[in-house]
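# Coordinates in review
In case you want the letters, here they are:
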Amino acid sequence: MSGRSKRESRGSTRGKRESESRGSSGRVKRERDREREPEAASSRGSPVRVKREVEPASVREAQASVVPFVRVKREREVDEDSEPEREVRAKNGRVDSEDRRSRHCPYLDTINRSVLDFDFEKLCSISLSHINAYACLVCGKYFQGRGLKSHAYIHSVQFSHHVFLNLHTLKFYCLPDNYKNIKRPPGDIMFLLVQRFGELMRKLWNPRNFKAHVSPHEMLQAVVLCSKKTFQITKQGDGVDFLSWFLNALHSALGGTKKKKKTIVTDVFQGSMRIFTKKLPHPDLPAEEKEQLLHNDEYQETMVESTFMYLTLDLPTAPLYKDEKEQLIIPQVPLFNILAKFNGITEKEYKTYKENFLKRFQLTKLPPYLIFCIKRFTKNNFFVEKNPTIVNFPITNVDLREYLSEEVQAVHKNTTYDLIANIVHDGKPSEGSYRIHVLHHGTGKWYELQDLQVTDILPQMITLSEAYIQIWKRRDNDETNQQGA
C-alpha cells in the first residue's frame, strides 16, 4: 500500500472517531440539559412543570396556581368521595362523556390565580392547625376541614367562595355542597336555582355570620333566569303562581320525578288525596234522557290517587250589593267551612267548555308542612276579580284527622297543625301589595314583614287580614304549644 493511501485511511479513521466522540458528547450534553430543565423551570415559574410527572412534592403543590380547568375536572373525577361517578362506566369500560360533563363544577370561573401562592406554610389561617388544611382558590387563604362546622365550610357560606383544594391530597372540592350525586344534562341552568337557594338558606341560618342582613339578589337573579323572565324583580307577580313554580322547579332540579324519585321538597310539602269524579249529563237534555245516561258506565264515579304540594281552598261568592248603611258587606267564613271540600263527602261541580263534572276529595296523607292557598282571584278574558272574604282561623291546634280516610287515620299519629307563616294580599288585584306574618319559633312571637320593614304584631291581628297563602307545621310527639295565643 502506498504512503498516500495509508494517510487517507488514517485520516478517515480519525474522522469517524471525532464524529462519534462529538455525537456522544452531544448526547451527554442534551441529557444534562434535560436533567437541569425541571430546576430551571421551577426557578422561572414556567407552566411546563404542570406536565411533569416526576417532580418533587413542593413543585406538585404549586401546580394549582397554573393548573388548567381540565386538570380540575380530572382531579374531581378521581376523587374517592365521588363513588357514583365510577358507576356510570359503560359495559366496554368507558365513562360516558355526557355524564362527566354534567358533574362539572359550576364555580370554576371564580378561581383567582393571581392571589394563589402555595409557598406559605400549610396552616389554617384561623386555628393555625396544619391538620386537614384546605386552600380557598378564590381568595388564597388556608382553612381547616370541610365539615358542617369547619372553618372552610363557614368561609364558603359567609363569603360565597366555593372552590377548595386539599393541600395534602391535592383533590378539589366544591363547598358547601360538593354537588356529586345529582345528574343534570350539560347546559341545564335549572340547577342554578338549587345552588343559589341553598346558599341563601345557609347565610340566613349561619350562626357565625357577622352581617346583620342577607341579600337575596343572587337567588332572585337565578329565579329570573330559570323562569325565563316569567317572574322578574321589577314586576310584581302572583304569589301562588310563583310558589307552585318554585317548588316544582326545585324538585325537578334536584333530580326528582312526578311518581318515583322523591326529594327533600316532596318529603316536606307533598301529601296525597283521592279524587272521585262523576260525569254529569248536559243540563239542556230532557229529564228522561238524563236518567238513562246516568246508568251508563261513562257516567259512573271513578277514583284516582293524586299528590299535592298545596291545597286550594275555595271561598264563597262575595256579595254584590251594599247593606242598609250603604256600605259593602265584607263576609267572613270559618276555616273549617272551606276545608270541608276535602272531607270526602262534599261535592263540587266543575264546568268545562263541553262537559260538567261532580268531584269530591279526601286526604290520604298529610305532609310535615301543609300549605293552604286561598283562592281569592277569579280570572276571565277581560279582568281579574278579587274576593275580599275574611277567613277566620285559629293559629294553633288545627286538627285535620276528620279529613283523612278511615283506613289511614290509624297510620297518622299526629294530625294537629300550628300556623307558622301567613301571606296577605292587600288592595286591588293588579295594584295590590303583599305582607307576611312569620312566627319566631324560639320566642313564640309574631312579626309582620313588608319590604324592609319588620314590626311586632299580635296573633289576634293576623286573623283579621285577607290571608292568601298559609303554611302550617305539623306537631311532633314531644312538641307542645309555644305560641300562647
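Under an unreviewed UniProt entry, the name given to the protein is Ubiquitin carboxyl-terminal hydrolase 39, and the organism recorded is Macaca fascicularis. In its Subcellular location (unreviewed entry) section, UniProt records this for the protein: "Nucleus". According to the UniProt record, the Catalytic activity (unreviewed entry) comment for the protein is "Thiol-dependent hydrolysis of ester, thioester, amide, peptide and isopeptide bonds formed by the C-terminal Gly of ubiquitin (a 76-residue protein attached to proteins as an intracellular targeting signal)."

What follows is about the sheet that holds strand β9 (residues 348–351). By way of backbone hydrogen bonds, the strands of a sheet pair with one another, either parallel or antiparallel. In spatial order, the strands read β6-β5-β10-β9; together these 4 strands make up an open sheet with antiparallel pairing. The sheet is open, and its two borders are formed by β6 (302–308) and β9, each paired with just one other strand. Within the sheet, the average angular offset between the axes of one strand and its neighbour, ignoring direction, is 35°. In this structure, strand β5 (residues 271–280) lies alongside strand β10 (residues 356–365), joined through 9 bridges in antiparallel fashion. Residue pairing for β10: M273 is matched across the bridge by L363.

It is worth spelling out the packing of helix α7 (residues 191–204) against helix α8 (residues 217–226) at this point. Two numbers describe how α7 lies on α8: the axes approach to 9 Å, and their chain directions differ by 160°. The angle between α7 and α8 places the two elements in the roughly antiparallel class. Along this stretch, α7 crosses α8, giving a crossing that reads as left-handed. For the pair α7 and α8, the contacting residues are L192, L193, R196, F197, E199, L200 and K203 in the first and E218, M219, A222, V223, L225 and C226 in the second. Per-class residue counts for the contact of α7 with α8 are 9 nonpolar, no polar and 4 charged.

So, how was this worked out
Residues numbered from 1 in each chain as written. Predicted model: local features only at pLDDT ≥ 70, side-chain atom pairs only at ≥ 80, totals over all residues. Heavy atoms only, no water. UniProt positions renumbered as here; feature names shortened; annotations may be inferred. Pairing = 2+ DSSP bridges. Helix = DSSP H or I, 4+ residues; strand = E, 2+ residues; numbered from the N terminus. Axes fitted to C-alpha atoms, helices over the stretch in contact; angles between N-to-C directions. Parallel < 35°, antiparallel > 145°, perpendicular 65-115°, else oblique. Left-handed = near helix turned anticlockwise from the far one by under 90°. Contact = heavy atoms within 4.5 Å. Nonpolar A, V, L, I, M, F, W, Y, C, P; charged D, E, K, R; others polar.

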